[in-house]
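Descriptive structure summary
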Amino acid sequence: MKTILEAVNLTKRYEDNQTALNGISFRVNEGEIFTMLGGNGAGKTTTINLFLNLIEPTEGEALINGVSSHKDPLEAKKYVSYVSENVMLYNNFTAYQNLDYFARLCGRTSLTKDDYRNVLLRVGLQEEAHNKKLKTYSKGMRQKCGIAIAIIKNAPAVILDEPTSGLDPKAGFEFIKLLETLRDEGKAILMSTHDIFRAKEISTTIGIMNRGNLVMQKPASDLAGEDLEKLYLEYMAGEYVS
Ligand SMILES: Nc1ncnc2c1ncn2[C@@H]1O[C@H](COP(=O)(O)OP(=O)(O)O)[C@@H](O)[C@H]1O
Ligand SMILES: [Mg+2]
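Described in the following lines is the structure provided in the data block.

Cut-offs used in this document
- Residues numbered from 1 in each chain as written.
- Chains lettered and ligands numbered in written order.
- Predicted model: local features only at pLDDT ≥ 70, side-chain atom pairs only at ≥ 80, totals over all residues.
- Heavy atoms only, no water.
- Salt bridge = Lys/Arg side-chain N within 4 Å of Asp/Glu carboxyl O.
- Helix = DSSP H or I, 4+ residues; strand = E, 2+ residues; numbered from the N terminus.
- Buried < 20%, exposed > 50% of the residue type's maximum accessible area, 1.4 Å probe, protein only.
- Near = heavy atom within 4 Å.
- Polar contact = N/O pair within 3.5 Å; in protein donor to acceptor, adjacent residues only side chain to side chain.
- Areas by Shrake-Rupley, 256 points an atom, 1.4 Å probe, with all protein chains shown as cover.
- Nonpolar A, V, L, I, M, F, W, Y, C, P; charged D, E, K, R; others polar.
- Contact = heavy atoms within 4.5 Å.

**Regarding the pattern of salt bridges**
Two side chains with opposite charge may pair up if their charged atoms get near one another. What the rule picks out here adds up to 14 salt bridges. Residue Glu-127 pairs with Arg-117 through a salt bridge whose shortest N-O separation is 2.7 Å. Of this pair, Glu-127 sits in the loop between α4 (113-122) and α5 (139-153) while Arg-117 sits in helix α4, placing them 10 residues apart in sequence. Here Glu-127 falls in the partly exposed class, since its relative accessible area comes to 38%. Under the relative-accessibility criterion, Arg-117 is labelled partly exposed at 27%. If you follow the salt bridges from partner to partner, you end up with Lys-177, Glu-180, Arg-183 and Asp-184 in one network.

**Quick notes on the site of ligand 1**
Neighbouring ligand 1 are Tyr-14, Gln-18, Ala-20, Gly-39, Asn-40, Gly-41, Ala-42, Gly-43, Lys-44, Thr-45 and Thr-46. Residue Gly-41 places a main-chain N or O atom 2.7 Å away from an oxygen atom belonging to ligand 1. In the complex, 63% of the free accessible area of ligand 1, which totals 570 Å², lies under the protein chains. The dominant element in the shell around ligand 1, judged by the number of residues it contributes, is helix α1 (residues 44-51), at 3 residues. Residue composition of the shell around ligand 1, by class: 3 nonpolar, 7 polar and 1 charged.

**A few points about the environment of Val-8**
Tracing the sequence through the fold places Val-8 in strand β1 (residues 3-13). For Val-8, a relative accessible area of 32% gives the class partly exposed. Here the alpha-carbon distance between Val-8 and Lys-113, two residues 105 residues apart in the chain, equals 41 Å. Among all residues touching Val-8, those that are not within four sequence positions of it are Ile-24, Ser-25, Gly-60, Glu-61 and Leu-63.

Okay, structure coming up:
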């Protein structure tokens, strides 16, 4: 199976010598979901920001489809969609207009209104919402719109930072189901979450982070009979320092 996302000894130290990320390595192949669990400040967002080239690594690198995100950021960005309700959606645009804008931005100029309609229906946005401005959307609807944009871009990798935080249980469930369909279509998905139970259901690999270290990395299938919450708390209590 092809590796799409790879962290190689990924390290981030800030000027005050604070180590936000301490040499972590992992791979995410096609059709896999790698989920990062960990408390606040563990280094999850730092990891994601390094893949997106929002910050530069101190050591190591983040590769997307084999391309280094900080050495060749424009090329690397072609292969990844970042789903964030805050960063990329235009509030004064409707869902259609948002999709159309991003489709053109990534060079997909031949898509029709019908294509947009189908994608929006696929992510569970009802017809009557398609022509409403995003500022009238709930958080769950915005997240769905974000996924619709990722589907339109059709990049092999999808990255999400706490995508279900702030969603009600039903919206969170629907969103996780959507990620499952992307996984099954072969996308490589990297996400962070605090939702241990859902993480276990849909992930291929679970990573537990603590103070910048990836303290556990296991296939979800190995954790089938385990109480992941208990395991998580044990790792958190482990005072792990490398
Ligand atoms: N600009 C910055 N300068 C210094 N330290 C930072 C900066 N940004 C993040 N950090 C530190 O990096 C660590 C990891 O943060 P983060 O990746 O946001 O954690 P998480 O997403 O797991 O909650 C934290 O200790 C945080 O304080
Ligand atoms: Mg974070």
